[in-house]
Amino acid sequence: SITAEEKLIRWIRRCGGTVDLEITNVSDEGLRGAVAVRDMNKSQIAVHLPAHIAVELGEGHVTSEENTVKLFRLKKENSAWNESMLPYWESLPQAGTSMTKQTYPAEPLDLLQDRILEASIVVHSAYTKNVYDGGKPALIESFQEEFPGVSYVDFSHITSVVASYAFLFPNEEGVAKRMLLPVMDMLNHADGTEHNLEIMQADNGDFYAYTLRDIDKGEELFHEYNTGIRRNDQSLFHYGFIREHDPPRLIAQDLPAGNLYEPAAYSEEDYEFGGRLVNKAELARLEAILSSFPTTEAEDAKLLEGKNGGWAGLLGGRSIQTPLERMFVKYRMLRKRALTEVIQKLKDALVITKEL
Ligand SMILES: C[S@@+](CC[C@H](N)C(=O)[O-])C[C@H]1O[C@@H](n2cnc3c(N)ncnc32)[C@H](O)[C@@H]1O
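Reading guide: rules and limits
Residues numbered from 1 in each chain as written. Predicted model: local features only at pLDDT ≥ 70, side-chain atom pairs only at ≥ 80, totals over all residues. Heavy atoms only, no water. Helix = DSSP H or I, 4+ residues; strand = E, 2+ residues; numbered from the N terminus. Buried < 20%, exposed > 50% of the residue type's maximum accessible area, 1.4 Å probe, protein only. Areas by Shrake-Rupley, 256 points an atom, 1.4 Å probe, with all protein chains shown as cover. Near = heavy atom within 4 Å. Polar contact = N/O pair within 3.5 Å; in protein donor to acceptor, adjacent residues only side chain to side chain. Phe/Tyr/Trp six-rings, centres within 6.5 Å; stacked < 30°, edge-to-face > 60°. Lys NZ or Arg CZ within 6 Å of the ring centre and 35° of its normal. Axes fitted to C-alpha atoms, helices over the stretch in contact; angles between N-to-C directions. Parallel < 35°, antiparallel > 145°, perpendicular 65-115°, else oblique. Contact = heavy atoms within 4.5 Å. Nonpolar A, V, L, I, M, F, W, Y, C, P; charged D, E, K, R; others polar. Pairing = 2+ DSSP bridges. 1 Å grid on protein atoms, 1.4 Å probe; cavity = no way out; pocket = protein on both sides within 12 Å on 5 of 7 lines; lining within 4 Å. Points joined across faces, edges and corners; volume = space filled by probe spheres on them. Expected span 1.5 Å × (residues − 1). Core = buried A, V, L, I, M, F, W, Y, C linked by side-chain atoms within 4.5 Å.

Peer 1: Please set out the overall build of the protein chain residue by residue, giving values where relevant.
Peer 2: What the protein chain contains, in helices and strands, is 11 helices and 11 strands. Principal-axis analysis of the C-alpha atoms gives the protein chain an extent of 70 × 50 × 45 Å. Out of the 356 residues in the protein chain, the part that is buried amounts to 47%. Accessible surface for the protein chain amounts to roughly 17300 Å². Of this, 51% is attributable to carbon and sulfur atoms.

Peer 1: Now, about the site of the ligand: what can you tell me, with residues and values included?
Peer 2: Close contacts around the ligand come from 13 residues, with Arg 32, Tyr 165, Asn 188, His 189 and Tyr 239 the closest. Within the side chain of Arg 32, an N or O atom sits 2.7 Å from an oxygen atom of the ligand. Asn 188 is positioned such that a nitrogen or oxygen atom in its side chain is 2.9 Å from a nitrogen atom of the ligand. Burial of the ligand by the protein chains amounts to 84% of its free accessible area of 560 Å².

Peer 1: Which residues make up the packing of aromatic side chains, and what values go with them?
Peer 2: With the rule as written, the count across this model stands at 15 aromatic pairs. Judged by centre distance (5.1 Å) and plane angle (50°), the rings of Phe 143 and Phe 147 are tilted. By the burial criterion, Phe 143 is buried, and Phe 147 matches it. If you follow Lys 101 out to its NZ or CZ, it ends over the ring of Phe 237, 5.5 Å from the centre. A cation over an aromatic ring shows up here: Lys 129 above the ring of Tyr 152, its NZ or CZ 5.3 Å from the ring centre.

Peer 1: Please give an account of the packing of helix α2 (residues 64-77) against helix α7 (residues 152-165) that cites residues and values.
Peer 2: The interhelical angle for the contact between α2 and α7, taken along N-to-C directions, is 110°, at an axis separation of 9 Å. Between α2 and α7, the angle falls in the class roughly perpendicular. In this structure, α2 uses Ser 64, Glu 65, Asn 67, Thr 68, Val 69, Leu 71 and Phe 72 to contact α7, whose residues at the interface are Phe 155, Ile 158, Thr 159, Val 162 and Ala 163. Each residue belonging to the contact of α2 with α7 can be placed in one class, and the counts come to seven nonpolar, four polar and one charged.

Peer 1: An account of the sheet that holds strand β6 (residues 167-170) is needed here, citing residue identities and associated values.
Peer 2: Ordered by their spatial adjacency, three strands build an open sheet running β5-β7-β6, and the pairing between neighbours is antiparallel. Edge positions in the sheet fall to β5 (55-59) and β6, since each of these pairs with one other strand and no more. Between one strand axis and the next, the sheet turns through 40° on average, direction left out of account. One ladder, built from three bridges, connects β5 with strand β7 (residues 176-180); its direction is antiparallel. Counted as the bridge partner of Val 55 is Leu 180 from β7.

Peer 1: Give a description of the pairing of strand β4 (residues 45-49) that names residues and reports values.
Peer 2: Within a regular strand, the side chains alternate between the two sheet faces. Of all the five residues making up β4, four are buried; the element is thus mostly covered by neighbouring parts of the structure. Where strand β1 (residues 18-19) lies against β4, two bridges are found, and the strand directions are antiparallel. Paired with Val 19 across the strands is Val 47, a residue of β4. The pairing of β4 with strand β10 (residues 207-211) spans four bridges and is classified as antiparallel. Bridging from a neighbouring strand, Val 47 pairs with Ala 209 of β10.

Peer 1: How would you explain the layout of surface pockets if you had to name every residue and give the values?
Peer 2: Estimates place the volume of the second largest pocket at around 360 Å³. Lining the second largest pocket are 15 residues, and of these Lys 75, Trp 89, Leu 92, His 157 and Ile 158 lie nearest its centre. Looking at the lining of the second largest pocket, the elements with two or more residues in it are α2 and α7. The greatest single-element share of the lining of the second largest pocket, amounting to five residues, is contributed by α7.

Peer 1: Could you give me a rundown of helix α11 (residues 323-352), with the residues and numbers involved?
Peer 2: Along its 30 residues, α11 runs 43 Å from first to last C-alpha, staying within 8% of the 44 Å computed at 1.5 Å per residue. Two residues or fewer after α11 comes Lys 354, characterised by a positive phi angle close to 60°.

Peer 1: Would you mind going over the sheet that holds β10 in detail, with residue names and values included?
Peer 2: Overall, antiparallel pairing links the four strands, which are arranged β1-β4-β10-β9 in an open sheet. Of all strands in the sheet, those with a lone pairing partner are β1 and β9 (197-201), marking the two edges.

Peer 1: So what about the nonpolar core? Which residues, and what values?
Peer 2: Nonpolar side chains tend toward joint burial in soluble globular proteins. Grouped together as the largest cluster of nonpolar side chains are 42 residues, with contacts concentrated most on Leu 21, Leu 181, Val 183, Met 184 and Leu 221. Here the element with the most residues in this core is helix α1 (residues 4-14); it accounts for four residues. If sequence neighbours within four positions are ignored, Leu 21 has contacts with Ile 9, Ala 34, Val 35, Val 37, Ala 46, Val 47, Val 183, Leu 187 and Leu 221. Grouped together as the second largest cluster of nonpolar side chains are 21 residues, Ile 121, Phe 237, Ile 251 and Leu 324 included.

Set out below in structure tokens:
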């Protein structure tokens, strides 16, 4: 019995592509990802994908909900193509497993201790529901009539996948288009010097993932999804993951001019000696944010260690159980850690300038 991932790779090879990686578990939490199956030098091709198995969706500005409607239409209008793409569809996550702004359940959102992020998720899921319910007739006249039998769970799930798996590439006319790229969408995200693959489209339309440096057999392969998800509020909202950064990064909205949708205008470096945020008012602002949380970083850490007994009260009698709940608690813990470190950095700089 071969796995869906092996079927996917065999199918791509049959379609004329090359795949020099393996899809496997890459973390203790069971995250799936891609690893190198041999040593590779810089500038080698890890994946070659013929253009005809890519799925072209809408232009860059089009919402994921709209792209999902488009995908459902493509599948319905061309059943032979739909059938031929089966190994790809089957490689995608099952309903209930893709967690992003379209699919987060409302109930544990308060664990984030972040009203802005919580509200943004609520607003976004309401938009997804609205499209499904036909509240956006400009996008779809009647979803239920056009696609009878597609439940809201399935619609929001596919939307979540489209949003977090599709790539943005200019087509032949130079118009930025969302594209689904089989197997290339099995790569996880890393940024800075951590990502080791880059994906490009050749003049003939084919896609290539090539190495940015020498890579050892068994190393996980990453590419940078986009530069706007360096911070945990952004990666949690758009992609359903958070990361421990070293040094820890503030969430975008804790910076004076940052928000969920834009890379922040200020960064942690601005808190170093000589930086543009080195002043006492900024220190007071960050300290006020840090002291506003109902739990401390240490209490959150205890919860994550599973010491729920005496700590359950911190969650209103609830204990954290699911991976999603753990991620939400970890999010707020890492946020506090970043605030604490930046406050210390700022204090050190203010001592040098004799303002403290
Ligand atoms: C394009 S898919 C990558 C493949 C995916 N891991 C899979 O098994 O299908 C994007 C999703 O992978 C996960 N992911 C990507 N990069 C990650 C990372 N650095 N840490 C944790 N999860 C990540 C998130 O769930 C994200 O929404």
